[in-house]
Structures are given as structure tokens and as C-alpha cells.
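# Structural overview for review
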Amino acid sequence: MTRRKYVVGNWKMNGLIAALDEAKAIFAAAEAHSSVDVALCPPFTLIGAMVAAAPGAAVGGQDCHASASGAFTGSVAAPMLADAGASLVIVGHSERREGFDESDADVRAKAEAALAAGLSVILCVGEPRAVRESGGAIAYVLAQVAGSLPGDFDPARLAIAYEPIWAIGTGLVPTVADVADMHGAIRAKLGEQAGSDAARVMRILYGGSVNGENAAELLGAGDVDGALVGGASLTAAKFAPIVEAAASL
Ligand code: 13P
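So, here's what we can say about the structure. (Residues numbered from 1 in each chain as written. Predicted model: local features only at pLDDT ≥ 70, side-chain atom pairs only at ≥ 80, totals over all residues. Heavy atoms only, no water.)

This part takes up the site of the ligand. Taken together, 13 residues surround the ligand, and among them Lys12, His93, Gly169, Ser209 and Gly231 come closest. Backbone polar atom of glycine 169 to an oxygen atom of the ligand: 2.6 Å apart, as the coordinates give it. Taking glycine 231, its main chain carries an N or O atom lying 2.8 Å from an oxygen atom of the ligand. Residue composition of the shell around the ligand, by class: four nonpolar, seven polar and two charged. (Near = heavy atom within 4 Å. Polar contact = N/O pair within 3.5 Å; in protein donor to acceptor, adjacent residues only side chain to side chain. Nonpolar A, V, L, I, M, F, W, Y, C, P; charged D, E, K, R; others polar.)

The next thing to look at is the side chain of histidine 183. When you line up the elements, histidine 183 lands in helix α8 (residues 176-194). If we skip the residues at most four places from it in the chain, histidine 183 touches Tyr162, Ile204, Leu205, Tyr206, Gly222, Asp223 and Val224. (Helix = DSSP H or I, 4+ residues; strand = E, 2+ residues; numbered from the N terminus. Contact = heavy atoms within 4.5 Å.)

Attention now goes to unusual backbone geometry. Here aspartate 101, not a glycine, exhibits a phi torsion of approximately 55°, which is positive. Residue classification places aspartate 101 among the exposed positions, given a relative accessible area of 66%. At aspartate 223, a position not held by glycine, the phi torsion is positive, near 65°. By the secondary structure assignment, aspartate 223 is in the loop between α10 (215-219) and β8 (226-229). (Buried < 20%, exposed > 50% of the residue type's maximum accessible area, 1.4 Å probe, protein only.)

What follows covers the environment of glutamate 217. Following the sequence through the fold, glutamate 217 ends up in helix α10. Residues glutamate 217 and leucine 115, 102 residues apart in the sequence, show an inter-C-alpha distance of 32 Å.

The subject of this paragraph is the sheet that holds strand β4 (residues 88-91). Around the barrel, eight strands lie side by side as β1-β2-β3-β4-β5-β6-β7-β8; this closed barrel has parallel pairing. Between one strand axis and the next, the sheet turns through 25° on average, direction left out of account. Sheet topology note: the strand β1 (residues 5-10)/β8 ladder contains four bridges and is parallel. By the bridge assignment for β8, glycine 9 is matched with valine 229. α8 contacts β5 (120-125), β6 (158-162) and β7 (204-207) of the sheet and is inclined by roughly 145° relative to β7. (Pairing = 2+ DSSP bridges. Axes fitted to C-alpha atoms, helices over the stretch in contact; angles between N-to-C directions.)

The next thing to look at is helix α11 (residues 236-247). Helix length check: α11, at 12 residues, gives a terminal C-alpha distance of 16 Å against a target of 16 Å (1.5 Å per residue), a fit within 8%. Those residues of α11 not exposed but buried are Ala236, Phe239, Ala240, Ile242, Val243, Ala245 and Ala246. Looking at the buried positions of α11, the neighbouring elements they touch are β1, α1 (20-31), β2 (36-41), α10 and β8. (Expected span 1.5 Å × (residues − 1).)

Scanning the model with the defined rule gives zero disulfides in all. With no disulfide of its own, cysteine 41 has cysteine 124 as its nearest cysteine by sulfur position, at a separation of 9.2 Å. Since its relative accessible area comes to 1%, cysteine 124 is described here as buried. (Disulfide = S-S within 2.5 Å.)

Within β1, six of the six residues are buried, which leaves it mostly tucked inside the rest of the structure. Examined bridge by bridge, β1 and β2 share six bridges and lie parallel to one another. Bridged to glycine 9 within β2 is leucine 40. Regarding topology, α1 serves as the crossover connection from β1 to the parallel β2, and that connection is right-handed. (Right-handed = clockwise from strand over helix to strand, strands pointing away.)

This part covers the nonpolar core. Counting 66 residues, the largest nonpolar core has Val121, Leu123, Leu158, Ile160, Ile186, Leu190 and Phe239 as the members making the most contacts within it. The leading source of residues in this core is α11, at six residues. Leave out the neighbours within four places in its chain, and leucine 158 touches Leu115, Val121, Leu123, Leu149, Pro150, Phe153, Met202 and Arg203. Counting residues in hydrophobic clusters, the runner-up holds 12 residues, among them Tyr6, Ala39, Ile90 and Cys124. (Core = buried A, V, L, I, M, F, W, Y, C linked by side-chain atoms within 4.5 Å.)

Dropping the structure here:
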């Protein structure tokens, strides 16, 4: 089973209308590498404008509510993302799990709402530093997978992103062997929960301080099907080399 490489930029709370030129440059650079799926997840406010600026490009949200509509001031529902032209959404990012107290059950409900709205999903998992240092990282992450994975889903539309919290925005990255071990363990868990056919199709991305220098090594690790990139996704100059690295594998 050959899984297409998938490189996704998470702009987090960055980007004004003026940043659409960078988005256009990123998607233009990505066009040269047709073997790689590339997507950008800007803030909600930019989704419609980015879709209009880069027709046909994959643009996504960074979160969605578990309900399709209702009295939830400040929240955005999955059908609204789809209506704005998004084709995917990130759920369960550690900055939401930690900063907004999202549980595995919350993340699962969001993933199910997104799939029901026709979106693809990137479901994030990852351990804090203390858990990594105690040797419990794999058990911790597999419990997150078990608790957050929807019950029934199209495996082509659901990717997992392994993002060790201590590697996000820090310049620290796990060893390639640790990444390969974790991704292999996640794939085995997906096989148990969703069946071996689904586990073969599902993409597992690595995220946390990915840049143009380390991308080839990290993306070349066993069971790594792509990258979820924060800081280095904000400009074409930094993001394009990561897409190139993915294309070279
Ligand atoms: P950095 O690439 O900035 O470490 O962020 C990773 C991340 O959180 C992507 O979702």
C-alpha cells in the first residue's frame, strides 16, 4: 500500500488578509510536486478568502464544534467550514486539548461532526514532556488514539498527527527511531480498532519543529506519511523545502 505523502501547514493564530500572497506562493510551489498532498489550515477568518485566492487548493480549519449549529457563542461548526470552502479540519491539537480542556471524548465528537459534514480530519495526539521522560509516551498516545478515534469512518478521510507537545515550537525533535516506534505503535493500534485494511490506508503525520533541514529525515522514518507544520508553514520560503523533501522520498 503506497500512501501519498501529506504535508499540512497549521497557521495557528497567525495571518491577516495580507498573508494570502504567501498562501498563493505555497500552493504554487506545491504544484510542482504532484506526488504530495498539500493543505493549509489558516485561522477561520481567512478560510473563505484563501479558497478564493487559490481555487482548488486544500484549505482547512484548525478546530470545529461538535454540534452542527446552536447557541455556542464564538464557536464554528463543521458544516460552516465546509460552506466556507474548507475540505479538512484539524481536531484535538494539544493547544486545544491543554488550553481549552478538550477530552478524548470531545475530540472524538468533533471528528465525527467533521466527517458528517464531509470534511477530512487530522486528529492530533501527543505526549507532554514528563510522560516522555517517564517512559510512558507510547501508552499515553495509544490511549488518546483509543479515546478519540471515531467509531466508524472512511480511513481515506482520517489522518492521525503525532505531535509530541515538548517538540512543538521548541526546536526539539524526537529521534528518528522514537518517531518510527511511535508511528508503528499507532498503526498497530489503528489496526486493532479500525481493522488492518483501514490501518494500511490511514496516514500518520509527524508534527513538532519540522523544518526544511530535518524534514527528509523525519518524513523518511518508518510509518511516517507526512508532516503537520506550524512555524515553518507561514512562508513559502520555509514551507516549500518541506514539500520538496516529501516529494523526494
Ligand atoms: P511547530 O512546527 O511550530 O513546532 O508546530 C507544530 C504544530 O503544532 C503543528 O500543528
